[in-house]
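Structural overview
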Amino acid sequence: MSAIPYRQYAHSEPVKKPVTKAQPLVTVIIPFLNEADVLTICHQRVCDALDQLHQHCEVLYIDDGSQDNSWALVSQLKHPLHQIRCLRLSRNFGKEAAMSAGMKSASGRCVILLDADLQDPPEYIPAMVEAWQAGAQVVEMQRRERHGESWIKRTTAHCFYRFMSKISDHPITENVGDFRLMDQKVVNVINTLPERTRFMKGLLAWPGFTRKILTFDRDPRLAGDTKWNYPKLIHLALEGITSFSTKPLRWATMAGLTTSAIAFVMALVIFTKTIVWGDPVAGYPSTMLIILFLGGIQLLSIGVLGEYIGRLFIESKQRPLYVLMEDATTKPTFHTVDSE
Ligand code: UDP
Ligand code: MG
């Protein structure tokens, strides 16, 4: 693991003529929802970072049903060297669906996922590309610090990542969000995963391939508020758990077995006490306790089962993950790019 001082990439050098093939070197996918306040500066910083690569790249914006003037803003964006592509979903489908739409449409030799609010600083892009060119097929960006987030959010996020990496059927690196680089090969595999319940941290980790972890400090949001409230986060956590592990089902079975064993031992004790010492059986309180305890375990197990059945129901409908409404592409305005 290595930490990179990203500020070294923060200025832009004079733009050189790109040494390119028709396929972009990198596609930066930026899903957004109502981010008009930050999009212009985001575009500027992403393009500055891409300029450091001196190659033709692609920036792919996905409008996830914004209600402000974000779409009007991004669909006008241009760049002399890089292709700017904007896709607009017909409504808000969620960041996971927006990222999936981006990965389906990306044409770069590698793909980077980035948040529009600049919490994941684009100035790391050259270092990520460098790690990819050195042989890593996935470059995961691990959060060292999370500036501008409350301790409750930091602690719950940390606990959730730990819990997920323990129960998941395959490893998910702790404290790595969506900010990462993936080779085209990895993206092609992810694009074949058909599930509608898209817990991206799990899906992105599922293909494996060679990995490198770089650490970074997550910046505070540039403007606006987070789109995730606690109910949404709990929903996401439940989706993650039920789509990437069947362990809760096993825990329900274990809880059932354990309570049965306890009930059996208690029955033996009560039976022996009554037969040998003639003790009267303790009445109402113990009965209530056992009924409540068993009722709780049963409801919990039914709930767990219900979560999995709910997922099956959603999957069985086979609805599309997202609906595209508009596609605006601007080719590089400065035509030095070879068109092979
Ligand atoms: N986002 C999105 N669709 C949504 C919610 C969020 O495309 O339904 C985008 C949002 O505009 C931002 C990124 O996903 O670019 C991360 O969202 P946010 O900053 O609200 O999440 P946080 O960083 O607080 O986890
Ligand atoms: Mg954010």
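Below is a summary of the structure that appears in this document. Predicted model, so just to flag it, every value in this text is computed and none were measured.

Taken as a whole, the second largest pocket encloses approximately 250 Å³ of empty space. In terms of lining residues, the second largest pocket is bounded by 15 residues, among which Pro248, Trp251, Leu300, Gly303 and Val304 are the most central. Taken together, the elements giving at least two residues each to the lining of the second largest pocket come down to helix 8 (230-244), helix 9 (247-277) and helix 10 (284-317). With 7 residues, the single largest contributor to the lining of the second largest pocket is helix 10. In terms of residue class, the lining of the second largest pocket is built from 11 nonpolar, 3 polar and 1 charged.

A few words on the nonpolar core. Core analysis: the biggest nonpolar cluster contains 37 residues, and Val26, Ile30, Tyr61, Met128, Val129 and Val139 have the highest contact counts within it. When neighbours within four sequence positions are excluded, Ile30 is seen to be in contact with Cys42, Val46, Val59, Leu60, Tyr61, Ile62, Leu114, Asp115 and Ala116. The next biggest cluster of nonpolar side chains, apart from the first, holds 33 residues, and it includes Ile62, Val111, Ile167 and Tyr322.

Let's shift gears to the environment of Gln83. Along the chain, Gln83 turns up in strand 4 (residues 83-89). Note: C-alpha distance between Gln83 and Leu60 (23 residues apart in sequence) is 8.3 Å.

So, on to unusual backbone geometry. In the Ramachandran plot, His54 falls in the positive-phi region, its phi being about 55° despite a non-glycine side chain. Within the element layout of this structure, His54 appears in the loop between helix 1 (36-51) and strand 3 (58-63).

Another aspect to go through is the pattern of salt bridges. One pass over the structure, following the stated rule, counts 13 salt bridges. We note a salt bridge from Arg211 to Glu140, for which the minimum N-O separation is 2.6 Å. With Arg211 in strand 8 (residues 211-218) and Glu140 in strand 6 (residues 138-146), this pair connects stretches of sequence that are 71 residues apart. Here Asp178 and Lys201 are joined by a salt bridge, their closest N and O atoms 3.6 Å apart. In this pair, Asp178 is assigned in strand 7 (residues 176-183) and Lys201 in helix 7 (residues 200-205), connecting sequence segments 23 residues apart. With respect to class, Asp178 is no different from Lys201; both count as buried.

In the contact formed by helix 5 (residues 151-167) and helix 8, the axes pass within 10 Å of each other and the chain directions differ by 10°. Relative to helix 8, the element helix 5 lies roughly parallel. Across from Ile152, Lys153, Thr156, Phe160, Phe163, Met164 and Ile167 in helix 5, the residues of helix 8 making contact are Tyr230, Leu233, Ala237, Gly240, Ile241 and Phe244.

What follows covers the site of ligand 1. For ligand 1, the set of nearby residues contains 18 residues, the closest of which are Glu35, Asp64, Asp117, Thr226 and Lys227. At 3.0 Å from an oxygen atom of ligand 1 is found a main-chain nitrogen or oxygen belonging to Pro31. In the environment of ligand 1, an oxygen atom lies 3.0 Å from a nitrogen or oxygen atom belonging to the backbone of Ala116. Relative to its free-state accessible area of 530 Å², ligand 1 is covered by the protein chains to the extent of 94%. The residue inventory of the shell around ligand 1, partitioned by class, reads 5 nonpolar, 4 polar and 9 charged.

So, how was this worked out
- Residues numbered from 1 in each chain as written.
- Chains lettered and ligands numbered in written order.
- Predicted model: local features only at pLDDT ≥ 70, side-chain atom pairs only at ≥ 80, totals over all residues.
- Heavy atoms only, no water.
- 1 Å grid on protein atoms, 1.4 Å probe; cavity = no way out; pocket = protein on both sides within 12 Å on 5 of 7 lines; lining within 4 Å.
- Points joined across faces, edges and corners; volume = space filled by probe spheres on them.
- Helix = DSSP H or I, 4+ residues; strand = E, 2+ residues; numbered from the N terminus.
- Nonpolar A, V, L, I, M, F, W, Y, C, P; charged D, E, K, R; others polar.
- Core = buried A, V, L, I, M, F, W, Y, C linked by side-chain atoms within 4.5 Å.
- Buried < 20%, exposed > 50% of the residue type's maximum accessible area, 1.4 Å probe, protein only.
- Contact = heavy atoms within 4.5 Å.
- Salt bridge = Lys/Arg side-chain N within 4 Å of Asp/Glu carboxyl O.
- Axes fitted to C-alpha atoms, helices over the stretch in contact; angles between N-to-C directions.
- Parallel < 35°, antiparallel > 145°, perpendicular 65-115°, else oblique.
- Near = heavy atom within 4 Å.
- Polar contact = N/O pair within 3.5 Å; in protein donor to acceptor, adjacent residues only side chain to side chain.
- Areas by Shrake-Rupley, 256 points an atom, 1.4 Å probe, with all protein chains shown as cover.

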